[in-house]
Amino acid sequence: MKKSKKVRQEELKTKIDHTPFITDEELAKTFGVSIQTIRLDRMELGIPELRERIKSVATQEWNETVKALPVEEIIGEVVDLELDDRAISILDIRPEHVFSRNHIARGHYLFAQANSLAVALINDELALTAQSEIAFTRPVKLGERVVAKATVKGDDEKGRTLVNVHSYVGNEEVFAGTFDMYRSNQQKEMDRE
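Residues numbered from 1 in each chain as written. Predicted model: local features only at pLDDT ≥ 70, side-chain atom pairs only at ≥ 80, totals over all residues. Heavy atoms only, no water.

Where an unreviewed UniProt entry is consulted, the protein chain appears under the name Transcription factor FapR, with the organism given as Halobacillus litoralis. Taken verbatim from the UniProt record of the protein chain, the Sequence similarities (unreviewed entry) comment is "Belongs to the FapR family." (UniProt positions renumbered as here; feature names shortened; annotations may be inferred.)

Structure representation (structure tokens):
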């Protein structure tokens, strides 16, 4: 027997609460209805689409993890973060990121994505970029998705943390940078010596 709309929607809400990363397609199979019916049910219940649910869960997690700056100040959407190890963010290039004449992304957005990811990666209340060495390897255009990957490479002779960031559109590198990061606990350790 087919469930009533009210019962289906109650069960849908419970299912999404317990499994926030479930797709509309999986939900349609579970409830034996069309994908469109699931989308309409979600809209009526005020439940966002999968991408927004993932972003919401990730933002909550990063807010509890990231120490050096508020997560909303990171340029791009953080999709992976392991403090003092690695991080990944995604930046979709929109009209506000490009020059109107040629639709090429302004370099400071690519730099800001990489730099804010390097700062977020540091496991400290205060992390500042002391120095950076960067290269833009090809223009990025409107509508392209930039994936920045940051990795900690260790400490330099001054005790600062070195972070390498490489940004890609597809498999093509568009930006590379090394960030020399000052951290507040570095000063405390130097004061003890």
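Further notes follow.
Once that is clear, we can look at the packing of aromatic side chains. A ring pair, where both rings are aromatic, is described by two values, the distance of the centres and the angle of the planes. Inspection of the entire model under this criterion finds two aromatic pairs. With centroids separated by 5.3 Å and ring planes inclined at 65°, the aromatic side chains of Phe136 and Phe175 adopt a geometry described as edge-to-face. Of the two residues, Phe136 sits in strand 3 (residues 127–136) while Phe175 sits in strand 6 (residues 172–183), which places them 39 residues apart along the sequence. Under the relative-accessibility criterion, Phe136 is labelled partly exposed at 43%. Of the residues examined, Phe175 reaches a relative accessible area of 0% and is grouped as buried. (Phe/Tyr/Trp six-rings, centres within 6.5 Å; stacked < 30°, edge-to-face > 60°. Helix = DSSP H or I, 4+ residues; strand = E, 2+ residues; numbered from the N terminus. Buried < 20%, exposed > 50% of the residue type's maximum accessible area, 1.4 Å probe, protein only.)

Our next topic: unusual backbone geometry. Its identity as a non-glycine residue notwithstanding, Asp84 has a phi of 60°, on the positive side. Take Asp84: it is sitting in the loop between strand 1 (77–82) and strand 2 (86–92). Take Asp84: its relative accessible area is 31%, and that puts it in the partly exposed class.

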